[in-house]
Amino acid sequence: QVKFVESGGGLVQAGDSLRLSCAGFGRTFSTMGWFRQAPGKERDFVASINFSGGITSYADSVEGRFTISRDNAKNTVYLQMNSLKPEDTAVYYCAPSRGSQALSGYWGQGTQVTVSS
(Lines give C-alpha, C1' and ligand atoms only; values in the text may rest on other atoms or scores of the structure.)
Protein backbone atom coordinates (compact mmCIF):
# COMPACT_ATOMS: atom_id res chain seq x y z
CA GLN A 1 0.00 0.00 0.00
CA VAL A 2 1.33 3.40 -0.98
CA LYS A 3 0.99 6.22 1.52
CA PHE A 4 2.66 9.44 2.54
CA VAL A 5 2.99 10.84 6.05
CA GLU A 6 3.66 14.54 6.50
CA SER A 7 5.15 16.04 9.66
CA GLY A 8 6.94 19.09 10.97
CA GLY A 9 4.17 21.65 11.01
CA GLY A 10 3.44 23.95 13.89
CA LEU A 11 2.61 27.42 15.12
CA VAL A 12 5.29 30.00 14.40
CA GLN A 13 5.64 33.75 14.11
CA ALA A 14 6.10 35.68 10.91
CA GLY A 15 9.73 35.54 9.82
CA ASP A 16 10.38 32.16 11.43
CA SER A 17 11.36 28.93 9.68
CA LEU A 18 9.99 25.41 9.59
CA ARG A 19 11.10 22.20 7.92
CA LEU A 20 8.42 19.81 6.77
CA SER A 21 9.03 16.14 6.07
CA CYS A 22 7.11 13.69 3.93
CA ALA A 23 7.85 10.02 4.43
CA GLY A 24 6.76 7.72 1.65
CA PHE A 25 5.83 4.08 2.02
CA GLY A 26 5.22 1.46 -0.62
CA ARG A 27 7.06 2.82 -3.66
CA THR A 28 9.18 5.68 -4.90
CA PHE A 29 7.89 8.20 -7.41
CA SER A 30 10.07 10.08 -9.82
CA THR A 31 8.54 13.50 -9.16
CA MET A 32 7.19 14.59 -5.81
CA GLY A 33 5.41 17.77 -4.90
CA TRP A 34 4.27 19.79 -1.92
CA PHE A 35 0.82 21.34 -1.94
CA ARG A 36 -1.13 23.43 0.56
CA GLN A 37 -4.71 24.23 1.34
CA ALA A 38 -5.71 27.31 3.29
CA PRO A 39 -9.12 27.52 4.99
CA GLY A 40 -11.87 28.05 2.44
CA LYS A 41 -9.51 27.76 -0.51
CA GLU A 42 -8.52 25.12 -3.01
CA ARG A 43 -5.38 23.04 -2.62
CA ASP A 44 -2.53 24.76 -4.45
CA PHE A 45 0.84 23.73 -5.77
CA VAL A 46 3.85 24.82 -3.70
CA ALA A 47 6.92 23.03 -5.05
CA SER A 48 8.08 19.93 -6.89
CA ILE A 49 11.29 17.98 -7.32
CA ASN A 50 12.43 15.29 -9.71
CA PHE A 51 14.08 12.03 -8.68
CA SER A 52 17.67 13.26 -8.82
CA GLY A 53 16.81 16.56 -7.16
CA GLY A 54 18.31 18.44 -10.05
CA ILE A 55 15.03 19.91 -11.25
CA THR A 56 12.83 21.86 -8.88
CA SER A 57 9.89 24.14 -9.42
CA TYR A 58 8.17 26.61 -7.12
CA ALA A 59 5.02 28.63 -6.96
CA ASP A 60 5.71 32.34 -7.37
CA SER A 61 4.45 33.01 -3.86
CA VAL A 62 7.19 30.90 -2.24
CA GLU A 63 10.07 31.30 -4.71
CA GLY A 64 13.21 32.35 -2.87
CA ARG A 65 11.79 31.47 0.57
CA PHE A 66 11.05 27.75 0.33
CA THR A 67 13.40 24.94 -0.72
CA ILE A 68 12.33 21.44 -1.65
CA SER A 69 14.74 18.53 -1.35
CA ARG A 70 14.63 14.76 -1.09
CA ASP A 71 16.54 11.82 0.33
CA ASN A 72 15.77 8.82 -1.86
CA ALA A 73 17.51 6.40 0.50
CA LYS A 74 14.92 7.37 3.12
CA ASN A 75 12.11 7.87 0.60
CA THR A 76 11.54 11.25 2.20
CA VAL A 77 10.87 14.67 0.73
CA TYR A 78 11.49 17.88 2.66
CA LEU A 79 10.26 21.44 2.45
CA GLN A 80 12.43 24.05 4.14
CA MET A 81 10.32 27.14 4.70
CA ASN A 82 12.06 30.40 5.62
CA SER A 83 10.74 33.91 6.15
CA LEU A 84 7.28 32.59 6.80
CA LYS A 85 4.33 34.90 6.33
CA PRO A 86 0.78 34.73 7.71
CA GLU A 87 -0.45 33.94 4.20
CA ASP A 88 1.58 30.71 4.32
CA THR A 89 -0.88 29.40 6.90
CA ALA A 90 -2.37 26.19 5.52
CA VAL A 91 -2.40 22.43 5.74
CA TYR A 92 0.57 21.16 3.77
CA TYR A 93 0.47 17.90 1.83
CA CYS A 94 2.93 15.96 -0.26
CA ALA A 95 2.03 13.77 -3.20
CA PRO A 96 3.55 12.37 -6.35
CA SER A 97 3.07 14.87 -9.13
CA ARG A 98 3.33 15.54 -12.80
CA GLY A 99 4.64 19.05 -12.90
CA SER A 100 2.40 21.16 -10.69
CA GLN A 101 -0.44 18.65 -10.80
CA ALA A 102 -0.74 16.05 -8.07
CA LEU A 103 -1.46 12.49 -9.04
CA SER A 104 -4.84 11.56 -7.63
CA GLY A 105 -5.37 9.15 -4.78
CA TYR A 106 -2.25 9.76 -2.71
CA TRP A 107 -3.21 12.47 -0.23
CA GLY A 108 -2.16 11.92 3.36
CA GLN A 109 -3.42 13.66 6.47
CA GLY A 110 -1.24 16.72 5.92
CA THR A 111 0.53 18.85 8.49
CA GLN A 112 -0.80 22.17 9.76
CA VAL A 113 1.35 25.26 9.48
CA THR A 114 0.10 28.38 11.23
CA VAL A 115 2.01 31.64 10.98
CA SER A 116 1.00 34.43 13.33
CA SER A 117 1.69 38.08 12.57
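These notes cover the structure that comes with them.

Quick notes on the rules
Residues numbered from 1 in each chain as written. Predicted model: local features only at pLDDT ≥ 70, side-chain atom pairs only at ≥ 80, totals over all residues. Heavy atoms only, no water. Phe/Tyr/Trp six-rings, centres within 6.5 Å; stacked < 30°, edge-to-face > 60°. Helix = DSSP H or I, 4+ residues; strand = E, 2+ residues; numbered from the N terminus. Buried < 20%, exposed > 50% of the residue type's maximum accessible area, 1.4 Å probe, protein only. Lys NZ or Arg CZ within 6 Å of the ring centre and 35° of its normal.

### Regarding the packing of aromatic side chains
Item 1. Considering all chains together, one arrives at 6 aromatic pairs under this definition.
Item 2. Both rings, one in F4 and one in Y106, keep their centres 6.3 Å apart while their planes meet at 75 degrees; by these two values the pair is edge-to-face. Placement of the pair is F4 in strand β1 (residues 3–7) and Y106 in the loop between β10 (101–102) and β11 (111–116), with a sequence separation of 102 residues.
Item 3. Its relative accessible area of 4% is what places F4 among the buried residues.
Item 4. Within the aromatic cluster, the residues linked to one another by ring pairs are F35, F45, Y93 and W107.
Item 5. Over the ring of Y78 we find R19, and its NZ or CZ is 4.0 Å from the ring centre.
Item 6. The lysine or arginine in question, R43, covers the ring of Y93, its NZ or CZ lying 4.4 Å from the ring centre.

Shape descriptors only; they carry no functional weight alone.
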